[in-house]
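# Analysis of the macromolecular model
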Amino acid sequence: MNTLKYLQSNEFLLDVDLWRLFANLEELNKISLNFPKTFFETVKEHVSKSDSPTDFSSILRKFFQGDLCQTHQIYCLNYTSAVFCLENLRQRKDFGIYLKWCEQNEQCKRLHLPDLLVAPLHQLTRDPHLLNNIWKRSTDEREKGFIWSLKEKVEKSIRDLEGKGKWLDNFQKFRQLQEIIIWPQVSSFLKANRLLLHEGRLTLAVSILHEQMADNQLTNFIFYSQKYGGSDTSLIPVCPSLTPELQSFIREGGFCTVLAQPIPLDRLILRNTDSIHITVFSLGNAFLIQHENRYRQCVAVFLSQAQTRLPR
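Description of the structure in this document. (Residues numbered from 1 in each chain as written. Predicted model: local features only at pLDDT ≥ 70, side-chain atom pairs only at ≥ 80, totals over all residues. Heavy atoms only, no water.)

### What about the overall build of the protein?
Scanning the protein for helices and strands turns up 12 helices and 9 strands. Relative to its 312 residues, the protein shows a buried fraction of 38%. Nonlocal contacts in the protein, meaning residues at least 24 apart in sequence, comprise 59% of its contacts between residues at least 6 apart. With the model as given, the accessible surface of the protein reaches about 19500 Å², and the carbon-plus-sulfur share is 54%. (Helix = DSSP H or I, 4+ residues; strand = E, 2+ residues; numbered from the N terminus. Buried < 20%, exposed > 50% of the residue type's maximum accessible area, 1.4 Å probe, protein only. Contact = heavy atoms within 4.5 Å. Areas by Shrake-Rupley, 256 points an atom, 1.4 Å probe, with all protein chains shown as cover.)

### Examining the side chain of Lys151
For Lys151, the location among the structural elements is in helix 9 (residues 141–180). In contact with Lys151, other than residues within four places in its own chain, are Pro128, Leu131 and Asn132.

### A look at the pairing of strand 8 (residues 286–292)
Of all 7 residues that make up strand 8, 6 are buried, and the element is covered over most of its length. Pairing between strand 7 (residues 268–272) and strand 8: 5 bridges, direction antiparallel. Bridge assignment links Asn272 to a residue of strand 8, and that residue is Phe287. Linking two consecutive strands that pair antiparallel, namely strand 8 and strand 9 (residues 298–306), is a turn of 5 residues; a positive phi of about 65° is found at Arg296 within it. (Pairing = 2+ DSSP bridges.)

### Quick word on the packing of helix 3 (residues 25–48) against helix 4 (residues 56–64)
In contact at an axis separation of 10 Å, helix 3 and helix 4 are set at 175° when each is read in the N-to-C sense. In terms of orientation, helix 3 and helix 4 fall into the roughly antiparallel class. Contacts between helix 3 and helix 4 involve Ile31, Asn34, Phe35, Thr38, Phe39, Thr42 and Val43 on the former and, on the latter, Phe56, Ile59, Leu60, Phe63 and Phe64. Among the residues making up the contact of helix 3 with helix 4, the classes are represented as 9 nonpolar, 3 polar and no charged. (Axes fitted to C-alpha atoms, helices over the stretch in contact; angles between N-to-C directions. Parallel < 35°, antiparallel > 145°, perpendicular 65-115°, else oblique. Nonpolar A, V, L, I, M, F, W, Y, C, P; charged D, E, K, R; others polar.)

### Some remarks on unusual backbone geometry
Although it is not a glycine, Leu13 adopts a positive phi angle of roughly 50°. Positionally, Leu13 belongs in the loop between helix 1 (2–9) and helix 2 (18–22). The buried category is assigned to Leu13, whose relative accessible area is 10%. Despite not being glycine, Lys109 shows a phi value in the positive range, around 55°. Counting through the fold element by element, Lys109 comes out in the loop between helix 6 (93–103) and helix 7 (113–117).

### Considering the pairing of strand 9
Two faces belong to every sheet, and in a regular strand the side chains alternate between them. Pairing of strand 8 with strand 9 involves 7 bridges; the strand directions are antiparallel. Across the sheet, the residue bridging to Ile289 is Phe302, located in strand 9.

### Let's talk about the nonpolar core
One finds Leu21, Phe95 and Tyr98 to be the most contacted residues of the largest nonpolar core, which totals 20 residues. Where this core is concerned, the elements lending two or more residues are helix 2, helix 5 (67–89), helix 6 and helix 7. Sorting elements by how many residues they give to this core places helix 5 first, with 6 residues. Excluding residues within four positions of it along the chain, Tyr98 makes contact with Met1, Thr3, Leu4, Leu7, Leu13 and Phe22. Phe39, Phe56, Leu131 and Ile147 belong to the second largest nonpolar core, which has 17 residues in total. (Core = buried A, V, L, I, M, F, W, Y, C linked by side-chain atoms within 4.5 Å.)

### Regarding the side chain of Thr71
Examined against the element boundaries, Thr71 turns out to sit in helix 5. Residue classification places Thr71 among the buried residues on the basis of a relative accessible area of 3%. When residues no more than four places from it in sequence are discounted, the contact partners of Thr71 are Asn24, Glu27, Leu28 and Ile31.

### Side note on helix 11 (residues 244–251)
Those residues of helix 11 lying buried are Leu246, Gln247, Phe249, Ile250 and Arg251. Just downstream of helix 11 lies Gly253, where phi reads positive at about 80°.

### Description of helix 6
Three or four residues apart is the spacing at which side chains of an α-helix point the same way, because the helix has 3.6 residues per turn. Of the residues making up helix 6, those classed as buried are Phe95, Tyr98, Leu99, Cys102 and Glu103. On an axial view of helix 6, the arc spanned by its buried residues comes to 125°, and they lie on one face. Among the exposed residues of helix 6, those oriented more than 90 degrees off its buried face are Lys93, Ile97, Lys100 and Trp101. (Arc of directions from axis to C-beta.)

### Brief notes about the environment of Glu162
Relative to the helices and strands, Glu162 is located in helix 9. Separated by 89 residues in the primary sequence, Glu162 and Gln73 have C-alpha atoms spaced 9.9 Å apart.

### Observations regarding the pattern of salt bridges
Tallied over the full model, the rule gives 7 salt bridges. For Glu26, the salt bridge goes to Lys5, with nearest N and O atoms at 2.9 Å. Of this pair, Glu26 sits in helix 3 while Lys5 is found in helix 1, placing the two residues 21 residues apart along the sequence. Across the pair Asp160 and Lys156 runs a salt bridge whose closest N-O atoms are separated by 3.1 Å. Here Asp160 and its partner Lys156 are both found in helix 9, 4 residues apart, which amounts to about one turn of the helix. Via salt bridges that share partners, Asp15, Arg92 and Asp94 belong to a single interconnected network. (Salt bridge = Lys/Arg side-chain N within 4 Å of Asp/Glu carboxyl O.)

Okay, structure coming up:
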């Protein structure tokens, strides 16, 4: 981060957003270092003055209910965006030179920038374990009760953070899907508050015709779309949580055109394929999608085969 600041002060890599890549890392680093420093100063004072009361509770309260916890959350919520940004920047020659030079520094211990960026997330998940160890070694019952309560609050904070992180990840996925799906009506639909239930490749088998399809299952309907190749656009930013196959497809400038009318989930019936068909026609992980009209009459049947067993 400091190297990038220096380069930008000398008119290099000015278009790189420092905050998007490193967020509040500087503040997080300062507060994280301040915690053990304050903690050991209290221990030192207690040892040098035997009659000095230990005030560990106020230190723990300050950092785990205030500065440290909040600063960690801000960093973690930006992490997915940082990885997204980094994947895009790595395609550039000038940024690649900067990155390679930095990663050769012995302080990196042969770790790459993505490994270093994720470190604060790992640290956050270790905080409850740290508080639990302090709780075990505490002898004052009142203090033990406070530390246990604090540990539970930190654990709840982490769970809430995971929920926010999943929402952001889902939002980025939908924004990316919206850019590659060619169907006028789907644009406004994807802008709504939707949840991507499953992502992966399906093969649609119709009679003797076999075509590779991109399947996107949404909370209200399912639709099939045909993949088409495009020009190489390797600098397009790609959401890192998408499957590698879909990431590669987007980087190649591919797009998907919706083939037929989407099937509302309330008019859709899933059926398993017979074991004999699985054996004879090599239809492992296959299932039938039956589309019914409002009179419960079957209007279409699709035989789909997934690469892996679909989750229930």
